[in-house]
Amino acid sequence: MRTTADPILQPSDEVSAALADGSPVVALESTIISHGLPQPRNLEVARELEAVVRDAGAVPATIAVLDGIAKIGLNEVELERIATESGLRKLGQRDLPVAAALKASGATTVSATSFLAARAGIRIFATGGLGGVHRGWTVEQDESADLDTLARTRITIVCAGVKSILDVPSTLQRLETRGVTVAGFRTDTFPGFYLHTSGEPIDWRIEAPEQAAAIMRGQDAFGGPETALIVANPVPEDQQLDPALHDRVLAEALAAADRENVTGQAITPFLLDYLVRGTGGASLEANLAAVRGNVALASRIALAWAQ
């Protein structure tokens, strides 16, 4: 049995102090560090994203599981572990109890990060792109656990839409069905992750971080199911991946996956890796541009929420 000195959920001293006095806190995921970027750039980006939060006047809380403990906010040694340790698992929400029981270490996906942030009392989370409904769902019924978690977790997540390798219209339909609110930040169409727009319309548009904070207060005032708020923030047009290049390489990647019979959990990393190689790294740069923008916006929302 764990004692109070060995909690299963462990906010850092900095995060604990910020939450206690109502200071703004922004949750950050760790899979981009462990699995999304090559070394040593991954550690540089991790530090950069935390600096973006601090420069805005908020406290960063990068989340990961180390030796079975859910860490809410990492110190420098822990951040380096996530960036350099081999064999780290990708942990979704369902994996957390197993990781705790086996004292395993791993980086948290959107579903796990959302869940742990909310459990710790953090309301705002910034990431790159969400998971969603996969292409060919009618055959495989492959859908990211992110959607289910967001349908029952009161978190505000700032993202650049869902990964463009997914079925975007079906994902938006599932979010509507599950009662998850989607608001475009200064856009009337859902972002396309690497691209400024997917071309799919969204119902609500906001112009300022204060409006996002007001929606969050409305969620609490109305009560009801503990669903998330998605703030869809597009990558700037001058930093997006060239749309023609994106469409060509994605078509090639999908064909390659079909030829090689890549399915299930292997399909997303396969397609994303193909895009990085097929675009000469341009897709990775567009991804990072989106993440930086999302972290900056999430920090502004956190400040508005704290007020």
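These numbers come from a predicted model, not from an experiment. (Residues numbered from 1 in each chain as written. Predicted model: local features only at pLDDT ≥ 70, side-chain atom pairs only at ≥ 80, totals over all residues. Heavy atoms only, no water.)

S.K.: Talk me through empty space enclosed by the protein; I want residue IDs and the actual numbers.
M.R.: Enumeration over the complete set of coordinates arrives at one cavity of 30 Å³ or more. Of the volumes computed, that of the largest cavity is approximately 90 Å³. As for the largest cavity, its lining consists of L28, E29, I32, I33, A46, L49, T62, A126, T127, G128, V291 and V295. Of the residues belonging to the lining of the largest cavity, the class tally is eight nonpolar, three polar and one charged. (1 Å grid on protein atoms, 1.4 Å probe; cavity = no way out; pocket = protein on both sides within 12 Å on 5 of 7 lines; lining within 4 Å. Points joined across faces, edges and corners; volume = space filled by probe spheres on them. Nonpolar A, V, L, I, M, F, W, Y, C, P; charged D, E, K, R; others polar.)

S.K.: Let's hear about the packing of aromatic side chains: which residues, and what values?
M.R.: Enumeration over the complete set of coordinates arrives at two aromatic pairs. Each ring, one from F193 and one from Y194, has its centre 4.6 Å from the other, and the planes form 45 degrees; the classification is tilted. For the pair F193 and Y194, one class covers both residues: buried. With a centroid separation of 6.3 Å and an interplanar angle of 40 degrees, the aromatic rings of F270 and Y274 are classed as tilted. Note that F270 and Y274 are positioned in helix α12 (residues 267–278) at a spacing of four residues, about one turn of the helix. Since its relative accessible area comes to 17%, F270 is described here as buried. (Phe/Tyr/Trp six-rings, centres within 6.5 Å; stacked < 30°, edge-to-face > 60°. Buried < 20%, exposed > 50% of the residue type's maximum accessible area, 1.4 Å probe, protein only. Helix = DSSP H or I, 4+ residues; strand = E, 2+ residues; numbered from the N terminus.)

S.K.: How would you summarise the confidence of the model for the chain if you had to cite specific residues and measurements?
M.R.: Predicted coordinates in areas of low pLDDT are best not read in detail. Looking at the chain as a whole, the pLDDT averages 92, with 94% of positions reaching at least 70. Note that pLDDT drops below 50 for residues 1–5; the model gives that stretch five contacts with residues more than four away or on any other chain. (pLDDT = per-residue confidence, 0-100. Contact = heavy atoms within 4.5 Å.)

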